[in-house]
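What the coordinates show
Chain residues, written in single-letter form:
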2 protein chains.
Amino acid sequence: MTLQQAIEKMDELEKAFYAINHASSILYVDGDTVAPKNSWKGRGKALGYLSELTYRLLVNPETGEVLNTVLQGKNETDEVTFRRAEMLKKEYDELHVLPMEEYVAFQELTNEASSVWHDAKEKSDWAMFAPLLEKIVASRRRFAALKAPGKPAYDVLLDLFEEGASMEMLDPFFRTLREELSPVIREVASREKPVPAFMKASWPVDRQRIFSQKIMELEGIDPLNCTLGETEHPFTDGTNKWDVRITTHYHEEDPFSSLYSVIHEGGHALYELDVRDDLQFTCLSDGVTMGIHESQSRFYENIIGRSRAFCTPLLKILREVFPDQVRGVTEEELYSAINLSKPSLIRTEADELTYSLHVMIRYELEKALIAGDLAVKDIPGEWNRLYREILSVEVPDDRRGCLQDSHWSGGAIGYFPSYALGSAYGVQMLHEMEKTVDVWSAVARGDLSPVTTWLTEKIHQYGSLRKPQDLLPAAMGGPLDAKVYTAYLKKKFGELYSL
Amino acid sequence: MTLQQAIEKMDELEKAFYAINHASSILYVDGDTVAPKNSWKGRGKALGYLSELTYRLLVNPETGEVLNTVLQGKNETDEVTFRRAEMLKKEYDELHVLPMEEYVAFQELTNEASSVWHDAKEKSDWAMFAPLLEKIVASRRRFAALKAPGKPAYDVLLDLFEEGASMEMLDPFFRTLREELSPVIREVASREKPVPAFMKASWPVDRQRIFSQKIMELEGIDPLNCTLGETEHPFTDGTNKWDVRITTHYHEEDPFSSLYSVIHEGGHALYELDVRDDLQFTCLSDGVTMGIHESQSRFYENIIGRSRAFCTPLLKILREVFPDQVRGVTEEELYSAINLSKPSLIRTEADELTYSLHVMIRYELEKALIAGDLAVKDIPGEWNRLYREILSVEVPDDRRGCLQDSHWSGGAIGYFPSYALGSAYGVQMLHEMEKTVDVWSAVARGDLSPVTTWLTEKIHQYGSLRKPQDLLPAAMGGPLDAKVYTAYLKKKFGELYSL
């Protein structure tokens, strides 16, 4: 096979993969937003066939030869073509280790588990979800053992979401977070501020929908390329830069929950919306790792969205959409209100200071689960024990405990650390950005474009073209340093709570 | 190849077709409801690949042999298996005549045309849409010539939507409708009733959404299996009996437009929701022809939904959802209001009496278009001329004229007659149903289940298992007779307008 022939074959394959991934993505988005509840059965059949097709197209000797031929032709080919082959080879290596039946069964299993999880969460019924999670855990452990027999299974899973991540790296990372933040969290808790009266207003959902549109506009998201849906657990799913979906969840008693979901998912969306045109419809059009993806979402959500400067445009929009609810509220009061810190139950609604300890709890549980040291049936007890130990909160039921997140039901074990890593990456990016961009005066006047332009230049445009080890140091001005992240949090909350 | 081997191969094929059709359906539904506007490009790539896949799986010598083997084994196989082979063979014969590139290009063309049509309609700009329609017409004519060289091209297209339909049958059908109904329409127009004051109220869209849910419940649609979306042009799309989607379009100044869309699409939905379990995930789970499909939708919309008896439960729901708007309105006033008849511009909002003449106009235009007697650029003039001649209305712009319907943009030329045929079938079914079911007292007490049970028994349960020529006479108590339909309309509107 000549290099030219191999590239043509790879182009054909990518056309098929694009179509299959596009269809699967939309089936997931639809299934989680507007599809009828009983639709999971037919969707499972469709997704099962599509994943079988992916497997057949990718895992066969000819594809192996195609990819190797392109990889061997590195010096005679361009950067994009070579990297496409590299990323496809990574997927090839991942799928290759599993027999097709097992691969397809896993897709069908997670489709069913997602549906059951919704019900189980609603009913706060762990026993309903546990048998499916047991199968998922067993399947993930088996995958890890086949993929890298000598390596700890959890490291294999971590690497799927954050290339290069391992327990060896994450154990000290989380230890630092816990050691540095726990005293601050305790101190802040002892100075608990009352929830201001205006936060207790009623915020009609139809107004919140309008609010979301204005927030997306402020964030610089073009509605022609990205729409907002409603779902239990907010997410982002993009198929190309002209078709990205984000979702949120409305609570009548609290507009800030949805607000920060929209800004967070909007950050993910901006990453996908700003990838270079020539990477579209290839395997390089996505973000390169989940940690870097979360660095973008949490950058907009917290570093920008919960900053003092952001309160200026935010209050302006609140006054337009909710004039009665925010009458008389000042920017300072708003800043304090959106940064109330208190150990709580729900990760996605946790304040910035306590957030990463929610992640740490999941990290510890996943480690034990995959090592075989924790049985699925014992997760609720262990979850509640860790929340008591690390965050000093009592978990009243599994709905607000170990059933709150959708990740495990979708098979994503090893994903959670990405949130904490991303948060830490983001703070280092901010410091680097501040060297050349007047971040806070732009944000205060409601113009996020200098921020997005900088992030596009450093991160977004590349999609998966550049490897994390090439992207990150340039954007962060150096290697990951947990203490930069904790210092940022200590300074911010030290000021907010006059510590 | 043994019969058993052929059946196994056919099962494998059906698994693939189910998945591909499921994915394509959801991509269409999503594209028409919540997808971002610019998403058409990526969706086109995905749909193009999926249709290519269908073509490759269906049009090849092995599949031909598989289907013929099953068909030849008629005496040794069951009814369902044989009919599946028969329906797949029909599709095989359809696709077989076109080279793959042309088949795929047509899918991509209609995907693009659907997107352009939305814009063109909004801007009332025929010139924007015309080049795409020209390509669609050329492609359909070429298909018809290849499919059945000796047959008039339009007959070939009609048969795609209503098996056995032809100009020879439809010309006298529409002639009868026109001759019988035109004098009544003129007479009714001369006795024009004023629009009652309550119809001019404002009907907030968020209340209309609640109204829709109650109407779906009244119609007997299980929300676990069928959800309602919002779109420019209402439609129904089902992938199996546990996953059907209907859509509507809200107008703040008029809740009846959406009401009758919901009931109409709900009728389509009930057909798909009530198909036998053992036909699910096969090519038999759909309605058998579009005429029969429309007979169900228009049955619920008009025969039931615009009946005197239906005004009892309808007014009850209106009073719950819109107490201010319908204060003091009686059932008689409501019955008169929902049956105001007047020649108008928009087919989907036409009253029952004038409706089929809207269809006739499209039938005449399509005949001329496919025969080559009418150029695409001349459609607006000819459309407006026919509206003037047949319905005595002046078309003010193409948005309310020849750009109002989505069908042509999706490649569906030859579909429209199904609406009129379906309406006529429905009236004959009603008379047959009335022999054993106390239709009107059930409807008056808000219980549509006896109606749906009868239709399920006669029509719905079979999906595509029974051929139209076997299904229809049993449900209609005899062959199609246009005069039964016109007699029903003459009686109903004669009473309403005291002719």
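Conventions and cut-offs
Residues numbered from 1 in each chain as written. Chains lettered and ligands numbered in written order. Predicted model: local features only at pLDDT ≥ 70, side-chain atom pairs only at ≥ 80, totals over all residues. Heavy atoms only, no water. Pairing = 2+ DSSP bridges. Helix = DSSP H or I, 4+ residues; strand = E, 2+ residues; numbered from the N terminus. Axes fitted to C-alpha atoms, helices over the stretch in contact; angles between N-to-C directions. Least-squares fit on C-alpha atoms with pLDDT ≥ 70 in both. Contact = heavy atoms within 4.5 Å. Salt bridge = Lys/Arg side-chain N within 4 Å of Asp/Glu carboxyl O. Buried < 20%, exposed > 50% of the residue type's maximum accessible area, 1.4 Å probe, protein only. pLDDT = per-residue confidence, 0-100. Phe/Tyr/Trp six-rings, centres within 6.5 Å; stacked < 30°, edge-to-face > 60°. Lys NZ or Arg CZ within 6 Å of the ring centre and 35° of its normal.

Describing the sheet that holds strand β2 (residues 236–240) of chain B
All names here are of chain B.
- Ordered in space as β1-β3-β2, the three strands form an open sheet in which the pairing is mixed. What marks the edges here is a single partner per strand, and that holds for β1 (226–230) and β2. On average, adjacent strands in this sheet sit at an angle of 20° to one another, irrespective of strand direction.
- Where β2 meets strand β3 (residues 243–248), four bridges bridge the pair, whose relative direction is antiparallel. Looking at the pairing, Thr 236 lines up with Ile 246 of β3.

As for the relation of the copies chain B and chain A
- Overlaying chain B on chain A yields an RMSD of 0.0 Å, the required transformation being a rotation through 180° with an accompanying axial translation of 0.0 Å. One copy is carried onto the other by what is essentially a two-fold rotation axis. Taking C-alpha positions as reference, the residue of chain B nearest the rotation axis is Ala 23 of chain B, located at 3.0 Å.
- Comparing interface residues between copies, 100% of those in chain B also sit at the interface in chain A, which points to an isologous, same-surface contact.

Here we look at the pattern of salt bridges
Residue and element names in this part refer to chain A.
- Counted according to the given criterion, the structure contains 82 salt bridges over all chains.
- Across the pair Glu 232 and Lys 121 runs a salt bridge whose closest N-O atoms are separated by 3.0 Å. With Glu 232 in the loop between β1 (226–230) and β2 (236–240) and Lys 121 in helix α5 (residues 100–123), this pair connects stretches of sequence that are 111 residues apart.
- Residue Glu 232 is classed as partly exposed on the basis of its relative accessible area of 33%.
- Residue Lys 121 is classed as buried on the basis of its relative accessible area of 14%.
- Several salt bridges converge on common partners, so that one network encompasses Arg 178, Glu 382, Arg 385 and Glu 389.

Brief notes about the confidence of the model for chain A
- Confidence along chain A averages 96 in pLDDT terms, with 100% of residues attaining 70 or more.
- Interface confidence for the predicted complex, given as ipTM, is 0.93, next to a pTM of 0.94.

Some details on the environment of Ala 197 of chain B
- Summarising the element assignment, Ala 197 of chain B is placed in the loop between α8 (167–190) and α9 (205–219).
- Expressed as a C-alpha distance, the spacing of Ala 197 of chain B and Gln 325 of chain B, which sit 128 residues apart in the sequence, is 9.6 Å.

Focus: the packing of aromatic side chains
- The full count for this structure, using the stated rule, is 36 aromatic pairs over all chains.
- Between Phe 161 of chain A and Tyr 415 of chain A, the ring centres sit 5.4 Å apart and the planes meet at 55°, which makes this aromatic pair tilted. Linking Phe 161 of chain A in helix α7 (residues 153–161) with Tyr 415 of chain A in the loop between α15 (379–391) and α16 (417–434), this pair joins segments that are 254 residues apart in sequence. You'll find Phe 161 of chain A and Tyr 415 of chain A in the same group, each marked buried.
- Between Tyr 18 of chain B and Phe 281 of chain B the ring centres are 4.9 Å apart and the planes differ by 90°, which places this aromatic pair in the edge-to-face class. Linking Tyr 18 of chain B in helix α1 (residues 3–33) with Phe 281 of chain B in the loop between α10 (255–273) and α11 (290–304), this pair joins segments that are 263 residues apart in sequence. Here the two residues Tyr 18 of chain B and Phe 281 of chain B agree in accessibility, since each one is buried.
- Ring pairing ties together the aromatic residues Phe 161, Tyr 355, Trp 383, Tyr 387, Trp 408, Tyr 415, Phe 416 and Tyr 419 of chain A, which thus form one cluster.
- Taking the ring centre of Tyr 497 of chain A as reference, the NZ or CZ of Lys 193 of chain A above it sits at 4.3 Å.

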